[in-house]
Amino acid sequence: TVRIGVLTSGGDAQGMNAAVRAVVRAGIQAGAEVFGIHEGWQGAVDGGDQIRRLEWDDVGNVLARGGTVIGTARCAAFRERDGRKRAALNLITHGIDRIIVIGGDGSLTGTDRLREEWPAFVAELADAGEITAEQAERHAQLVIAGLVGSIDNDMVGTDMTIGTDSALHRITEAIDAISSTAASHQRSFVVEVMGRHCGYLAVMSAIAGAADYVLIPESPPADDWKQHMSHVLRQSRRAGRRTSIVVIAEGTQDRQGNPITPEDVRVVLADEMGEDARVTILGHVQRGGTPSAYDRWMATMLGHAAVGEVLRGDREPQLVAVRGNRPTFMPLMEAVAATRRVASLIEEGRYDEAMAARGRSFV
Ligand code: ADP
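Treat the numbers as computed from the prediction; the structure is a model and nothing was measured.

Q: What am I meant to see in the sheet that holds strand β10 (residues 318–323) here?
A: Strands belonging to one sheet form pairs held by backbone hydrogen bonds; the direction of such a pair is parallel or antiparallel. Taken in spatial order, the 7 strands make up an open sheet running β3-β2-β1-β4-β5-β10-β11, and their pairing is mixed. Bordering the open sheet on either side are β3 (51–53) and β11 (326–331), each of which pairs with just one other strand. Each adjacent strand pair in this sheet contributes to an overall mean axis angle of 30 degrees, direction not counted. Relative to β10, strand β5 (residues 143–148) runs parallel, the two sharing 2 bridges. In the strand pairing of β10, Gly146 is matched with Leu319.

What follows is the structure in structure tokens.
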């Protein structure tokens, strides 16, 4: 029987459980056995009962839960060759040679490194007598597929990443709550949302929450942004709005590359408008709570598609992604490389090139 390992790695994101559940059930339905690798790559390095068979019922009642029930971690040992070799030994001992990983670009990169080194590990482990010749032959290759779990929606090659839509819901609820208190007192609020290199959450929540102004990393404001923002906010007050809400993504910079912080925005509101604005940094609230229907649906669809991909296992590793509401595939490391390129282009201030490289029509 084919054995598939599934793990969640790096930052947690709502909808990861839906993906794990889909992998388990689609795997079983296809006649495979599925093993949960607990606490990200740490579980593979540690082995033992951190690698556990998951049956159909083991993933009951997880669809509506936030976070990830099989745990996630950052694993320093997996960054070292020795650690990855130990992970290979533990996987082979469990008869696992297909991996579906749900994580960010770091986790996907680490997983691909293990895949590249796998044949060498197999040879070394067989030479050392740690695995049998038969195991070496049976598990000569590692087949992998990657799903992106990230609330930032920062991956090239997919319209959405798992967790983003749920985070957007959390932010929108928070802005709604802030708006109601702001309206009572005619106050101004500055809300910082996540998105180091991607303003998706900021733009979408600003639209959904009827904010007055939004600042994002990919499209820094013009040099006179302070005057412009004050002008826009003053106009909307004059038009009768009782609140002013500015949404800012955490990685925002000005055109010279200097960070723009929520505090900078607060100072502008105080200096230019005499407003006593309050700053709210949403932080981990954005990762919390129940996954949205969209995240549950998308992660289920992609988990199912990933099982098909690793069972076929006849091409280079793929990112299992969503475009136009359908599962799509793109070479995994091409997607990771392009994502990292977008991030560095933004950091270098090459915004138009960054947006072209991202290849999406929205942020
Ligand atoms: P994310 O997957 O969310 O981008 P990290 O970058 O922290 O998060 O990566 C998560 C884990 O993936 C790391 O703790 C490490 O175990 C593994 N990892 C990341 N980058 C590499 C790498 N270049 N080589 C090997 N393992 C890596």
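Q: Just checking my understanding: could you explain the confidence of the model for the chain for this structure?
A: Note that predicted coordinates carrying low pLDDT should not be read in detail. In this model, the chain carries an average pLDDT of 95, and 99% of its residues clear a pLDDT of 70 or more. Across the assembled chains, the prediction reports ipTM 0.97 with pTM 0.95.

Q: Even after reading the chapter, I still don't get the site of the ligand, so can you show me in this structure?
A: Around the ligand, the surrounding shell holds 16 residues, and the nearest of these are Gly10, Gly104, Gly106, Ser107 and Gly110. With 6 residues, helix α4 (residues 105–127) is the single largest residue contributor to the shell around the ligand. Counted by class, the shell around the ligand contains 3 nonpolar, 9 polar and 4 charged residues.

Q: It is not clear to me how the packing of helix α1 (residues 16–29) against helix α10 (residues 293–312) should be interpreted in this structure. Could you clarify?
A: At their nearest, the axes of α1 and α10 sit 7 Å apart, and the two run at 40 degrees to each other. Once α1 is placed against α10, the crossing between them reads as right-handed. The segment α1 lies against α10, with Ala18, Ala19, Ala22, Val23, Ala26 and Gly27 engaging Asp295, Arg296, Ala299, Thr300, Leu302, Gly303, His304, Ala306 and Val307. In the contact of α1 with α10, the residues fall into 9 nonpolar, 4 polar and 2 charged.

Q: Got a minute to help me understand unusual backbone geometry in this structure?
A: Glycine aside, residues mostly have negative phi angles, and peptide bonds mostly take the trans form. A positive phi angle is found at Ala210, which is not glycine, with a value near 55 degrees. Here Ala210 shows up in the loop between α7 (200–208) and β7 (213–215). Even without being a glycine, Asn325 presents a positive backbone phi close to 65 degrees.

Q: Help me understand the sheet that holds strand β6 (residues 188–193), please; the structure alone is not making it clear to me.
A: Spatially, β7-β8-β6-β9 is the arrangement adopted by the 4 strands of the open sheet, whose pairing is parallel. Looking along the sheet, the strands with just one partner apiece sit at the ends: β7 and β9 (278–281). Neighbouring strand axes in the sheet, compared pairwise and without regard to direction, differ in orientation by 20 degrees on average. Bridging between β6 and strand β8 (residues 244–249) involves 6 bridges; their strand directions are parallel. Looking across to β8, one finds that Phe189 is bridged to Ile245.

Q: Before we go on, may I ask you to explain the packing of helix α6 (residues 164–185) against α7 in this structure?
A: Helix packing for two helices is described by the angle between their axes and how far apart those axes are. Two elements in contact, α6 and α7, have axes separated by 9 Å at closest approach and are oriented at 45 degrees. In this view, α6 runs oblique relative to α7, as classed from their interaxial angle. For α6 against α7, the interelement crossing comes out right-handed. The residues of α7 that touch α6, namely those facing Thr164, Ala167, Leu168, Ile171, Thr172 and Ile175, are Tyr200, Leu201, Met204, Ser205 and Ala208. For the contact of α6 with α7, the residue count by class is 8 nonpolar, 3 polar and no charged.

Q: Just to check I follow, could you spell out the pairing of β8 for this structure?
A: Of all 6 residues making up β8, 6 are buried, and the element is well covered by its neighbours. Side-chain alternation along β8 places Ser244, Val246 and Ile248 on one buried face and Ile245, Val247 and Ala249 on a second face that is also buried. In this sheet, β8 lies alongside β7 in parallel orientation, the contact comprising 3 bridges. Each residue of the ladder has a partner; that of Leu215, found in β8, is Ile248. Since β7 and β8 lie parallel, the crossover through helix α8 (residues 225–238) that links them has a hand, and here it is right-handed.

Q: What should I look at first to understand α6 in this one?
A: With 22 residues, α6 should cover 32 Å at 1.5 Å per step; its first-to-last C-alpha distance of 32 Å lies within 8% of that length. Every buried residue belonging to α6 is among Thr164, Asp165, Ser166, Ala167, Leu168, His169, Arg170, Ile171, Ile175, Ile178 and Ala182, and all of these are buried. Here the buried face of α6 lies against β6, α7, β8, β9 and α10. Gln186 occupies a position one or two residues after α6 and carries a positive phi of about 55 degrees.

What counts and how
Residues numbered from 1 in each chain as written. Predicted model: local features only at pLDDT ≥ 70, side-chain atom pairs only at ≥ 80, totals over all residues. Pairing = 2+ DSSP bridges. Helix = DSSP H or I, 4+ residues; strand = E, 2+ residues; numbered from the N terminus. Axes fitted to C-alpha atoms, helices over the stretch in contact; angles between N-to-C directions. pLDDT = per-residue confidence, 0-100. Near = placed C-beta within 6 Å. Nonpolar A, V, L, I, M, F, W, Y, C, P; charged D, E, K, R; others polar. Left-handed = near helix turned anticlockwise from the far one by under 90°. Contact = placed C-beta atoms within 7 Å. Parallel < 35°, antiparallel > 145°, perpendicular 65-115°, else oblique. Buried ≥ 20, exposed ≤ 12 C-beta atoms within 10 Å, placed from the backbone. Right-handed = clockwise from strand over helix to strand, strands pointing away. Expected span 1.5 Å × (residues − 1).

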